[in-house]
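Structure at a glance
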Amino acid sequence: MDLDLEVKTIRNAPIFTGIDPCKMRLLACMSEQITFEKGDYLFRCGEIPDAAYVILKGEVEFMAQTGEGMSVIGQDGPGAMIGEVAILCDAKRFTSARALTPLSVMRINKDCLLRMIQDSPQFSLSIAKELARRVMQVAMHEGIHAQ
């Protein structure tokens, strides 16, 4: 995948809405493109996070330890940023991510991601909005509603 296609993919990702195109291009240049085969793990529960990923092509599933063992708790596809929560919380990963299909991702190392957050208020706000959206999605799934 070439740089222009990476920039186009992240430009369409909700988390990058409103980000200066020059910063997107810089992010694409500073990241590493990696491919995974179906069944490969991007990261595992309990690992110390060193990167976040933007899915360029393919699907990923998330698994977490539950009372019944490892259970699939969700999935994501092109344009999604994954793995950023553990970096932001400065905590070990609480889920595993596994390729459901052949997968192409942009790997954004931890320092680059944190620098982008510091340097771009719009990017910081986009991340906050995406995390809030996820919290609302979980609440709705659990049957919690606003009065």
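The preceding data block contains the structure.
What counts and what doesn't
- Residues numbered from 1 in each chain as written.
- Predicted model: local features only at pLDDT ≥ 70, side-chain atom pairs only at ≥ 80, totals over all residues.
- Heavy atoms only, no water.
- Pairing = 2+ DSSP bridges.
- Helix = DSSP H or I, 4+ residues; strand = E, 2+ residues; numbered from the N terminus.
- Contact = heavy atoms within 4.5 Å.
- Axes fitted to C-alpha atoms, helices over the stretch in contact; angles between N-to-C directions.
- Core = buried A, V, L, I, M, F, W, Y, C linked by side-chain atoms within 4.5 Å.
- Buried < 20%, exposed > 50% of the residue type's maximum accessible area, 1.4 Å probe, protein only.

1. Description of the sheet that holds strand E6 (residues 81–82)
Backbone-to-backbone hydrogen bonds join strands into a sheet, with any given pair of strands oriented parallel or antiparallel. With antiparallel pairing, the four strands of this open sheet are ordered in space as E1-E8-E3-E6. What marks the edges here is a single partner per strand, and that holds for strand E1 (32–36) and E6. As paired strands, strand E3 (residues 51–57) and strand E8 (residues 103–109) are joined by six bridges and run antiparallel to one another. Residue pairing for E8: Lys57 is matched across the bridge by Ser104. On the sheet, helix H4 (residues 110–119) packs against E3, E6 and E8 and is oriented at approximately 70 degrees with respect to E8.

2. A look at unusual backbone geometry
The backbone of Asp90 sits at a positive phi, close to 50 degrees, despite the residue not being glycine. Residue placement: Asp90 occurs in the loop between helix H3 (84–89) and strand E7 (96–99).

3. Section: the sheet that holds E7
The antiparallel open sheet is built from four strands, whose spatial order is E2-E7-E4-E5. Strands at the two margins of the open sheet, each flanked by one partner only, are strand E2 (41–43) and strand E5 (69–76). Here the strands of the sheet are splayed against their neighbours by 30 degrees on average, with no regard to which way each runs. In this sheet, E5 lies alongside strand E4 (residues 60–66) in antiparallel orientation, the contact comprising seven bridges. Each bridged residue has a counterpart across the sheet, and for Gln65 the counterpart in E5 is Met70.

4. Comments concerning the nonpolar core
Core analysis: the biggest nonpolar cluster contains 22 residues, and Phe16, Leu27, Met81, Met106, Ile108, Leu113 and Phe123 have the highest contact counts within it. Residue assignment for this core shows that the elements contributing at least two residues are helix H1 (3–11), helix H2 (21–30), E3, E8, H4 and helix H5 (121–141). For this core, the element with the most residues is H4, which contributes four residues. When neighbours within four sequence positions are excluded, Phe123 is seen to be in contact with Ile15, Phe16, Ile19, Met81, Leu113, Met116 and Ile117. Core analysis: the next-biggest nonpolar cluster, separate from the first, contains 14 residues, Phe36, Leu42, Tyr53 and Val60 among them.

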